[in-house]
Every structure is written in C-alpha cells, then in structure tokens.
Amino acid sequence: MIILGLTGSIGMGKSTTAKMFADFGVPVHDADVTVHELYRGEAVPPIAEAFPEAVKDGVVDRTRLAQSVLRDGEAIRKLEAIVHPLVRKAEAEFVRLHEQRGAALIVLDIPLLFEAGGADRVDRIVVVTASPQVQRERVLKRPGMTEQKFEAILTRQLPDAEKRARADFVIDTGLGMEHAREAVAGIIGELTGKPPG
Ligand SMILES: CC(C)(COP(=O)(O)OP(=O)(O)OC[C@H]1O[C@@H](n2cnc3c(N)ncnc32)[C@H](O)[C@@H]1O)[C@@H](O)C(=O)NCCC(=O)NCCS
Ligand SMILES: Nc1ncnc2c1ncn2[C@@H]1O[C@H](COP(=O)(O)OP(=O)(O)OP(=O)(O)O)[C@@H](O)[C@H]1O
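Worth saying up front: this structure is predicted, and the values here are computed from it rather than measured.

Colleague: Help me understand the overall build of the protein chain in this model?
Modeller: Looking only at helices and strands, one finds nine helices and seven strands in the protein chain. Its C-alpha radius of gyration of 17 Å places the protein chain within 12% of the 16 Å reference for a compact globule of 197 residues. Principal-axis analysis of the C-alpha atoms gives the protein chain an extent of 50 × 40 × 25 Å. Sequence-distant contacts, at least 24 apart, represent 73% of the contacts inside the protein chain between residues at least 6 apart.

Colleague: Looking at this structure, I do not really get the site of ligand 1. What am I missing?
Modeller: In the vicinity of ligand 1 there are 19 residues, among which Ile 10, Arg 62, Ala 66, Pro 111 and Arg 156 approach most closely. Contributions of two or more residues to the shell around ligand 1 are made by helix H2 (31–38), helix H4 (62–69) and helix H5 (73–100). Broken down by element, the shell around ligand 1 gets its largest block of residues, five residues, from H5. Among the residues making up the shell around ligand 1, the classes are represented as 14 nonpolar, one polar and four charged.

Colleague: Can you walk me through the packing of helix H1 (residues 14–23) against helix H9 (residues 177–192) in this structure?
Modeller: Relative orientation and spacing of two packed helices are given, respectively, by the angle between their axes and the distance between those axes. Contact geometry of H1 with H9 gives a least axis separation of 10 Å together with a crossing angle of 50 degrees. By the criterion of interaxial angle, the relationship of H1 to H9 is oblique. Crossing geometry of H1 relative to H9 is assigned as right-handed. Taken together, the residues of H9 that come into contact with H1 (itself represented by Thr 17, Met 20 and Phe 21) are Ala 180, Arg 181 and Val 184.

Colleague: Sorry, what's going on with the confidence of the model for the protein chain here?
Modeller: Caution applies to low-pLDDT parts of the model: their predicted coordinates are not meant to be read in detail. Looking at the protein chain as a whole, its pLDDT mean stands at 96, while 100% of the residues score no less than 70. Predicted complex metrics record ipTM = 0.92 and pTM = 0.94.

Colleague: Can you walk me through the site of ligand 2 in this structure?
Modeller: As a structural note, the neighbourhood of ligand 2 is formed by 15 residues, with Gly 13, Lys 14, Ser 15, Thr 16 and Ala 180 the closest of them. Element by element, the count of residues in the shell around ligand 2 is highest for H1, at three residues. Residues of the shell around ligand 2, tallied by class, amount to five nonpolar, seven polar and three charged.

Colleague: Explain H2 here, please?
Modeller: Turning to H2, its buried residues are Ala 31, Thr 34 and Leu 38. Along the axis of H2, the buried residues cluster in a sector spanning 55 degrees; they form a single face. Contacts made by the buried residues of H2 are with strand E2 (28–30), H5 and strand E5 (105–109).

Colleague: Could you clarify how one ought to interpret the environment of Lys 19 in this entry?
Modeller: Here Lys 19 is to be found in helix H1. On a C-alpha basis, the gap between Lys 19 and Asp 30 in space is 9.9 Å, while along the polypeptide they are 11 residues apart.

Colleague: Honestly, the nonpolar core in this entry has me stumped. Any pointers?
Modeller: The tendency in soluble globular proteins is for nonpolar side chains to be buried side by side. Among the nonpolar cores identified, the biggest contains 38 residues, and Phe 21, Val 26, Val 107 and Val 126 are the most heavily contacted of them. Contributing elements (two or more residues each) for this core: strand E1 (2–7), H1, H2, H5, E5, strand E6 (124–129) and H9. Other than its neighbours up to four places away in sequence, Phe 21 contacts Val 26, Val 28, Val 107 and Val 184.

Colleague: Help me out: how do you make sense of the environment of Leu 70 in this one?
Modeller: Within the fold, Leu 70 resides in the loop between H4 and H5. Separated by 80 residues in sequence, Leu 70 and Phe 150 place their C-alpha atoms 9.8 Å apart.

Colleague: Looking at this structure, how should I read the sheet that holds strand E7 (residues 169–172)?
Modeller: Note: strands within a sheet are paired through backbone hydrogen bonds, in either parallel or antiparallel orientation. Taken together, the five strands give an open sheet; going across it, the order is E2-E5-E1-E6-E7, and neighbouring strands pair in parallel fashion. The sheet is open, and its two borders are formed by E2 and E7, each paired with just one other strand. The sheet shows a mean angle of 20 degrees between the axes of neighbouring strands, direction not considered. Pairing of E2 with E5 involves three bridges; the strand directions are parallel. Pairing of Val 28 across the sheet is with Val 107, part of E5.

The rules behind each value
Residues numbered from 1 in each chain as written. Chains lettered and ligands numbered in written order. Predicted model: local features only at pLDDT ≥ 70, side-chain atom pairs only at ≥ 80, totals over all residues. Helix = DSSP H or I, 4+ residues; strand = E, 2+ residues; numbered from the N terminus. Rg over C-alpha atoms; globule rule 2.2 N^0.38 Å. Contact = placed C-beta atoms within 7 Å. Near = placed C-beta within 6 Å. Nonpolar A, V, L, I, M, F, W, Y, C, P; charged D, E, K, R; others polar. Axes fitted to C-alpha atoms, helices over the stretch in contact; angles between N-to-C directions. Parallel < 35°, antiparallel > 145°, perpendicular 65-115°, else oblique. Left-handed = near helix turned anticlockwise from the far one by under 90°. pLDDT = per-residue confidence, 0-100. Buried ≥ 20, exposed ≤ 12 C-beta atoms within 10 Å, placed from the backbone. Arc of directions from axis to C-beta. Core = buried A, V, L, I, M, F, W, Y, C linked by C-beta atoms within 7 Å. Pairing = 2+ DSSP bridges.

Right, dumping it as structure tokens:
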C-alpha cells in the first residue's frame, strides 16, 4: 500500500483536492476533520486545562482558541503538543484499517505535513499550490478571516516554494477544477499502475 501525503499552505486547495481523490475511490484521511472531532471529544479535557477560556458548553470554540494562540508562539506549541499526538493516533488507525482491507493507495491530508514531521509517515507527497494573489483572495473571502489572522497563520507555515521543492507531485489549483482533476487522475494512475474510472 502506498501512503500519499497531501499538503499545502492555507487556502491552496487541500480539501478540494482531497475530495477529488475520494471521488476516484481513494480512501482519504483528513487531519482537519479529525481536529474538529477531537474538539468535541477527546481533546476537550486537556484543552480546558491549558486554555480554559476556549472551552464553552463542553466543546472547544475555535474562534476563541484562535484568539488565544495565533499570535503567541508558546501557546500554539502547547496546543500542538496536545492535538498532534491525538491526530497521529487517529491517522495510524486509519492506515492500519486500510492496510488490512488491502488498499493499493490511501491519502493522508495533513496541513502541517512538513512543519510537524509528517513527511516521515508517508511514501510520496503531493503539494497543492496557487499564486500568492489567488491564495490571498480565497482566504480573505472566508467568514471570520482577517488580514492579521491570515498573516499570523502564514508565518507559522513553511513557505509555499519550500513545500513545492520537497514535493513528488505539485498541483496548481489556480488552473481550475478540471486541470486539478486530471492531475489527480494522473497521480493515481502513476502510483497504482491503473488509471481511475
Ligand atoms: C488555531 C485554530 C483554533 C484555528 O481554527 P480555525 O477554525 O479558525 O481555522 P482552521 O483550523 O480552518 O485553520 C486555518 C488554516 O490554519 C492552518 N493551521 C491550523 N493550525 C495551524 C498551526 N498549528 N500552525 C500553522 N498553521 C495552522 C490550517 O492548516 C489552515 O490552513 C485551529 O487551526 C487549531 O486548533 N489548530 C491547532 C491544531 C493544528 O495544528 N491543526 C492543523 C493540522 S492537524
Ligand atoms: N482546482 C481548483 N480550481 C478552482 N478553485 C479551487 C481549486 N481548488 C480549490 N479551489 C478553491 O479554493 C478555495 C480554497 O480551497 P480549500 O478549502 O480546498 O483549501 P484548503 O487548502 O483546504 O484550505 P485550508 O488550508 O484553509 O484548510 C475554495 O474556495 C475552493 O473552491
């Protein structure tokens, strides 16, 4: 089984591209979805202890948590130390399950693949990219996003050019959905020896 890591900076098109792999029948594990689940379950007690202001009605409030951590390097490291091991555990269970099922290829969608050492857990890496202008436009359109929040996140991420340099495959999502879908099909074909569909 080949484990393909999918990553890219904020707004570059990870979720959209992950869905394309899933639509072609490739099992996809999404680290962000796992974090959302953890914030309603297993991660609530340790986060309530470290960041009491960020827990409301028994669940983690992401807006409040973002306010507590995004401009504070020490706080975000403390949060990552709580969250990342739980995400890795969920990911390992997913890998084991699909190995047992005899999957030829699976995708792990990991936003911080390079930053958090995920590159060692995958066999190949796809990086999604777009121009800085396209990235900025996409991100600033999101509800609740501000210029400051965008900048704070960007400074915590490895620059796009460095990600591309370390990739086995690069998909430019600025070239449209059809281009990306064809790129995804090409990667599946190359890695499994069988074009999808
Ligand atoms: C800071 C939090 C509360 C902000 O939540 P919010 O819903 O506003 O934004 P969202 O999660 O959609 O993230 C927006 C962008 O920031 C990036 N990002 C998230 N966490 C981090 C981080 N620790 N370092 C760098 N970039 C990050 C995401 O990959 C995404 O590109 C949230 O991202 C979080 O809890 N992060 C810590 C857990 C983590 O590291 N997750 C990322 C991969 S597992
Ligand atoms: N191939 C593509 N062609 C056109 N638009 C795209 C393409 N891929 C992504 N987009 C658009 O870019 C925006 C961001 O995409 P997406 O949410 O997938 O990014 P992301 O990398 O998962 O973001 P984040 O890092 O914040 O989680 C969306 O509005 C999406 O429709």
